[in-house]
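# Analysis of the macromolecular model
So you can see what is in the structure, the chains are spelled out below.
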Amino acid sequence: MKISEILKNNEVTISFEVFPPKTDDKYAQVEEAARKIAALHPSFMSVTYGAGGGTSKNTASIASDIQNRYGTPVLAHLTCVSSTRETVARQIALYKSLGIENVLALRGDIPKEGRTVFDYAHAVDLIHDIREQAPDLCLGGACYPEGHVECERPSDDLDHLKEKCDAGLSFLTTQMFFDNNTMYNFLYRAREKGITVPILAGIMPITNRKQVARSVSLSGATIPQRFRMMVDRFGEDPKAMQQVGIIYASEQIIDLISNGVTHIHVYSMNKPAVAAGIMANLSEVLK
Ligand code: FAD
């Protein structure tokens with residue numbers, strides 16, 4: 001099922017993300033996590049695609065399982081920063097052969113050692129390419145409420161985002177954010193810019209202390225003082241920290257829905273217990 005169809009009625013949706021294993025011996029573990037998360041009946045699930053190769057080779061098979069074995073609509077990610085046009089064409093053909101209808105078209109982070117392939121400069125180039133090769137795919141893209149880390153001026157970032165949408169995106173998913181005011185401010189600016197596609201709010205439940213530094217360095221997201229104090233108090237107690245992370249994310253989601261942000265995407269990080277905890281906290285809210 002196309003995600004554009006799922007989002008079209010503006011009813012509340014909740015989706016979860018999984019990432020493929022870094023090594024083949026972890027494949028069964030990830031497959032099991034995906035099966036358990038699918039059993040929670042999210043609106044759809046997404047599967048990431050490692051920019052530098054590595055975790056990309058299993059994206060298609062995990063996405064196919066989610067859709068074809070567990071019956072959950074799926075969004076397969078695709079990055080282009082380290083890919084040739086041939087690699088992208090092959091991956092698109094593979095997704096299509098598996099019946100995958102939704103792709104999140106991304107550039108990917110520039111490798112620390114620098115680029116070695118230069119076929120695609122930005123995600124917008126990938127979007128144009130996919131549009132030509134597979135016009136029937138439903139495409140989404142990434143956006144950044146606090147601005148993308150490489151972009152110095154938020155207004156430039158929004159200009160680039162508008163360009164991506166005009167190239168043929170049906171929806172956007174945000175980078176993680178921990179203060180909902182950031183999202184409300186971003187939505188206002190995006191709509192002013194003429195960006196009209198649905199924007200899914202990306203929520204990352206932080207369930208252990210180490211995740212704080214990792215999330216900030218990956219995304220540049222600001223951690224509010226309120227949440228820092230919670231991590232300070234509970235960070236050394238894994239069970240308490242998991243509970244705190246689930247509750248903080250659930251509160252963020254309830255506030256978003258109350259303020260008209262109806263599409264929520266949870267970075268569930270292959271943790272069925274975290275996804276289940278959020279679903280349990282929202283059981284009446286989602287009805
Ligand atoms: P772009 O849209 O190309 O933007 C990257 C930068 O270039 C921005 O600063 C933008 O302002 C600038 N830019 C864009 N177009 C132009 C232009 N025409 N001229 C000048 N500057 C321009 N990474 C993975 O490796 N795998 C994943 O599966 C993955 N999933 C993600 C899912 C979501 C929802 C999000 C928010 C991020 C995800 N990422 C993933 C991370 C993402 O790949 C990085 O944030 C990456 O650095 C940017 O990707 P992008 O598609 O937003 O790039």
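Look above for the structure.
Quick look at the structure, then. (Residues numbered from 1 in each chain as written. Predicted model: local features only at pLDDT ≥ 70, side-chain atom pairs only at ≥ 80, totals over all residues. Heavy atoms only, no water.)

## Let's talk about the overall build of the protein chain
Our working rule: Each helix is a run of DSSP H or I of at least 4 residues and each strand a run of E of at least 2, with the numbering of both proceeding from the N terminus. Each radius of gyration reported is based on C-alpha atoms, and the globular scaling rule is 2.2 Å times the count of residues to the power 0.38. Residue exposure (1.4 Å probe, protein chains only): buried if accessible area is under 20% of the type maximum, exposed if over 50%, otherwise partly exposed. We call two residues in contact whenever any of their non-hydrogen atoms come within 4.5 Å of each other. Per-residue accessibility takes into account occlusion by the displayed protein chains alone, with areas from the Shrake-Rupley method and a 1.4 Å probe. Charge assignment: positive for Lys and Arg, negative for Asp and Glu; neither His nor the chain ends contribute. To locate a charge, take NZ of a lysine, CZ of an arginine, CG of an aspartate or CD of a glutamate.
Scanning the protein chain from terminus to terminus reveals 11 helices and eight strands. Its C-alpha atoms give the protein chain a radius of gyration of 18 Å, within 12% of the compact-globule value 19 Å for 287 residues. The dimensions of the protein chain, computed from C-alpha atoms along their principal axes, are 50 × 45 × 45 Å. Here the protein chain holds 287 residues, and 52% of them are scored as buried. Sequence-distant contacts in the protein chain: of pairs separated by 6 or more residues, those separated by 24 or more amount to 80%. Looking at the protein chain as shown, the accessible area adds up to about 13300 Å², and 52% of this sits on carbon and sulfur atoms. For the protein chain, the centre of its 30 positive side-chain charges and the centre of its 33 negative side-chain charges are spaced 4 Å apart.

## Here we look at the site of the ligand
Quick note on the threshold: Note on terminology: near, applied to a residue and a molecule or strand, indicates that one of the residue's heavy atoms is within 4 Å of it. In the analysis that follows, any N or O atom pair within 3.5 Å is treated as a polar contact, provided that within protein one partner can donate a hydrogen and the other can accept it, and provided that, for residues neighboring in sequence, both atoms belong to side chains. Under the convention adopted here, Pro, Cys and the residues Ala, Val, Leu, Ile, Met, Phe, Trp and Tyr are nonpolar, Asp, Glu, Lys and Arg are charged, and Gly plus all remaining residues are polar.
Near the ligand you find 25 residues, and of these Y49, H77, D109, Y144 and D157 are the closest. With respect to the ligand, the side chain of H160 contributes an N or O atom lying 2.8 Å from an oxygen atom. The side chain of E163 places a nitrogen or oxygen atom 3.4 Å from a nitrogen atom of the ligand. Across the shell around the ligand, the residue classes tally to nine nonpolar, 10 polar and six charged.

## Thoughts on the pairing of strand β6 (residues 171-174)
The following threshold applies: DSSP-based pairing: two strands are paired if at least 2 bridges between them are found. If the strands point away from the viewer and the path from the first strand over the helix to the second runs clockwise, then the crossover is right-handed.
Every second residue of β6 is oriented toward a common face, with F171 and T173 on one face and L172 and T174 on the other, all of them buried. Sheet analysis places strand β5 (residues 138-143) next to β6, joined by four bridges and oriented parallel. The residue bridging G141 from the neighbouring strand is L172, located in β6. This β-α-β element, β5 to helix α6 (residues 154-166) to β6, shows right-handed connectivity. Strand direction decides the pairing type here: β6 and strand β7 (residues 199-203), joined by two bridges, are parallel. Within the sheet, the bridge partner assigned to L172 lies in β7 and is I199. Read as a crossover between parallel neighbours, the route from β6 over helix α7 (residues 180-192) to β7 is right-handed.

## With respect to empty space enclosed by the protein
Applied cut-off: Here a cavity denotes a set of grid points, spaced 1 Å apart and computed over the protein atoms alone, in which a 1.4 Å probe fits but from which it cannot get out, and a pocket denotes an open set meeting protein on both sides within 12 Å along at least five of seven lines; residues with an atom within 4 Å of a point are reported as lining. Grid points are joined across faces, edges and corners, and a volume is the space filled by probe spheres set on the points.
Under the definition given, this model contains one cavity of 30 Å³ or more. The calculated volume of the largest cavity comes to roughly 40 Å³. Lining of the largest cavity is provided by Y144, P145, E146, G147, Q175, M176, S219, G220 and A221. Residue composition of the lining of the largest cavity, grouped by class: four nonpolar, four polar and one charged.

## Here we look at the layout of surface pockets
There is about 190 Å³ of room inside the second largest pocket. Around the second largest pocket, the lining residues are D109, I110, P111, K112, V149, E150, S217 and L218. Of the residues belonging to the lining of the second largest pocket, the class tally is four nonpolar, one polar and three charged.

## As for the environment of F44
For F44, the position within the fold is in strand β2 (residues 44-47). Remark: the alpha-carbon pair of F44 and I66, spanning 22 residues in sequence, is separated by 9.2 Å.

## Some remarks on unusual backbone geometry
Glycine aside, residues mostly have negative phi angles, and peptide bonds mostly take the trans form. With a phi angle near 60°, H41 is a residue other than glycine that sits in the positive phi range. Exposure remark for H41: the relative accessible area of 68% places this residue in the exposed category. Backbone geometry places M269, a non-glycine residue, at a positive phi of 50°. Turning to its location among the elements, M269 is positioned in the loop between β8 (263-266) and α11 (272-281).

## Focus on the packing of helix α9 (residues 225-234) against helix α10 (residues 238-258)
Quick reminder of the rule: In this analysis an axis means a line fitted to C-alpha atoms, helices contributing only their contacting stretch, and an angle means the value between N-to-C directions, from 0 to 180 degrees. Each angle receives one of four descriptions, namely roughly parallel if under 35 degrees, roughly antiparallel if over 145, roughly perpendicular if within 65 to 115, and oblique otherwise. The hand of a helix crossing depends on one turn: near helix anticlockwise from the far one by less than a right angle means left-handed, and clockwise means right-handed.
The geometry of α9 relative to α10 is characterised by a closest axis approach of 9 Å and an angle of 165° between their N-to-C directions. Here α9 is positioned roughly antiparallel relative to α10, judged by the angle of their axes. Considering the relative orientation of α9 and α10, their crossing is right-handed. Packed against α9, whose contacting residues are R226, F227, M230, V231 and F234, the element α10 presents A240, M241, V244, Y248 and E251 at the interface. Looking at side-chain class alone, the contact of α9 with α10 contains eight nonpolar, no polar and two charged residues.

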